[in-house]
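Summary of structural features
Here is how the chains run, residue by residue.
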Amino acid sequence: MHSIENKQGQESGTKVLAVKHVVQAQTVMEGAGVQVRRAFPTRQIDYFDPFLLLDEMGPTDFRPNAAKGFPDHPHKGFETVTYLLAGGMRHRDSAGNSGVLRPGDVQWMTAGSGIVHSEMPDPEFARTGGLMHGFQLWVNLPRKDKLVPPRYQDLAAEKVPVGESADGLVKVKVIAGEALGVVAPIETHTEIMYLHFTLAPGATFVQPVPSEYNTMAYVVSGAVTFGASDLSRVRKATSGQLVIFDRLDEDGQNADGSTAVAFTAPANESLELLLIGGRPLSEPVARYGPFVMNTKEEIMEAVQQYQDGKLGEISAGH
Ligand code: CO
């Protein structure tokens, strides 16, 4: 079955992307003492154009009244995408917005010209405690969109479209982009795909990805084998690892034209992974903490704005 699919892929000219790096996410403390596994930026990979950061929050099992979060902090010049798998998170910001993220919910925040927000455990969740687990992805904005007004796109769990293979072995939640004939409703300034796959034990899948994209995968649970054409060239990864794909195919050829990522779950275990890709901006990046601009001068301006209170503050009333 596996090899037949690959042969079909090759006959139609699709090239399966080779794996370039497999890196272990690093445990770091963020916010008010939240343990996150940081896939990047690390010393090894500081920017994967157009992506600035990928953090796995938890999974952490909090005792009652012990959950921690991210108190008031600014962002400017990019977007944050929060995807919660378990727990509850409440956000509030300087523009007066507030809301609660529940398991399966997605919040796409365009910080643009600048915002101050907090991301804290939902009070109800904090009281009872329990498992907190989720992801935050930072997507850079192109120079022309860096100063757009801040915006939220909230996507409740039941509104995240789900694709399923005909045999039911492969399911995908389509947060951005398109898979298995299903298209995400989120509007993105930077062209990206963000797919959450679940594969039954032994299942295999070939996902087309635009050849101009920078593409990566993060293993949420289980183990995965990437590659298709040649057993000597497959690469394995396990939970907590980030996989960066090459611009070359498995035969070492330039992967222009029609490209894809091929992945297989182990025979005895199901697999969950995030497959994320985007069109590179190819613009200069000046970065300082929560500010991501194109020049050092723009960063200094952002810091000054924040210090002067011009990015706003969260009022006590909401
Ligand atoms: Co934030």
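Nothing here was measured: the structure is a model prediction, and the numbers come from that model. (Residues numbered from 1 in each chain as written. Predicted model: local features only at pLDDT ≥ 70, side-chain atom pairs only at ≥ 80, totals over all residues. Heavy atoms only, no water.)

Turning next to the overall build of the protein chain. A count of helical and extended segments in the protein chain gives three helices and 26 strands. Here the protein chain has a C-alpha radius of gyration of 20 Å; the compact-globule value for 318 residues is 20 Å, and the two agree. Structurally, the protein chain occupies a C-alpha span of about 60 × 45 × 35 Å along its principal axes. A burial count over the protein chain gives 52% of its 318 residues as buried. Summarising the internal contacts of the protein chain: among those between residues at least 6 apart in sequence, 73% fall at separations of at least 24. Carbon and sulfur atoms make up 49% of the accessible area of the protein chain, which totals about 14200 Å². (Helix = DSSP H or I, 4+ residues; strand = E, 2+ residues; numbered from the N terminus. Rg over C-alpha atoms; globule rule 2.2 N^0.38 Å. Buried < 20%, exposed > 50% of the residue type's maximum accessible area, 1.4 Å probe, protein only. Contact = heavy atoms within 4.5 Å. Areas by Shrake-Rupley, 256 points an atom, 1.4 Å probe, with all protein chains shown as cover.)

On to the sheet that holds strand 10 (residues 115–121), then. Across the sheet, which stays open at both edges, the four strands sit in the order 5-10-7-8 with antiparallel pairing between neighbours. Each having just a single partner strand, strand 5 (70–75) and strand 8 (98–101) make up the two edges of the open sheet. Each strand axis lies, on average, 20° off the axis of its neighbour in the sheet, ignoring direction. Where strand 7 (residues 89–93) lies against strand 10, five bridges are found, and the strand directions are antiparallel. Across the sheet, Arg92 pairs through a bridge with Ser118, a residue of strand 10. (Pairing = 2+ DSSP bridges. Axes fitted to C-alpha atoms, helices over the stretch in contact; angles between N-to-C directions.)

Moving on, we come to the pairing of strand 4 (residues 51–62). Burial within strand 4 is extensive, with nine of its twelve residues counted as buried. Pairing geometry for strand 4 and strand 11 (residues 130–140), over nine bridges, is antiparallel. Bridged to Leu53 within strand 11 is Trp138.

Protein coordination of the cobalt ion is provided by His73 (NE2), His75 (NE2), His117 (NE2) and Glu119 (OE), with donor distances spanning 2.1 to 2.4 Å. Considering all four donor atoms around the cobalt ion, the spread of angles at the metal, 82 to 178°, places the coordination shape in the irregular class. When the donor residues of the cobalt ion are listed from N- to C-terminus, their spacing reads H-x1-H-x41-H-x1-E. Judged on exposure class, the residue His73 and its partner His75 are both buried. (Donors = N, O, S within 2.8 Å, 3.2 Å for Na, K, Ca; no water. Tetrahedral: all angles 85-135°; square planar, octahedral: opposite > 155°, others 65-115°.)

Below, the discussion takes up the side chain of Thr225. Among the structural elements, Thr225 can be located in strand 20 (residues 223–226). Side-chain polar atoms of Thr225 contact the side chain of Lys236, separated by 3.3 Å. With residues near it in sequence (within four places) discarded, Thr225 still touches Val234, Arg235, Lys236, Ala262, Phe263 and Thr264. (Polar contact = N/O pair within 3.5 Å; in protein donor to acceptor, adjacent residues only side chain to side chain.)

Nothing here speaks to function; it is all geometry.
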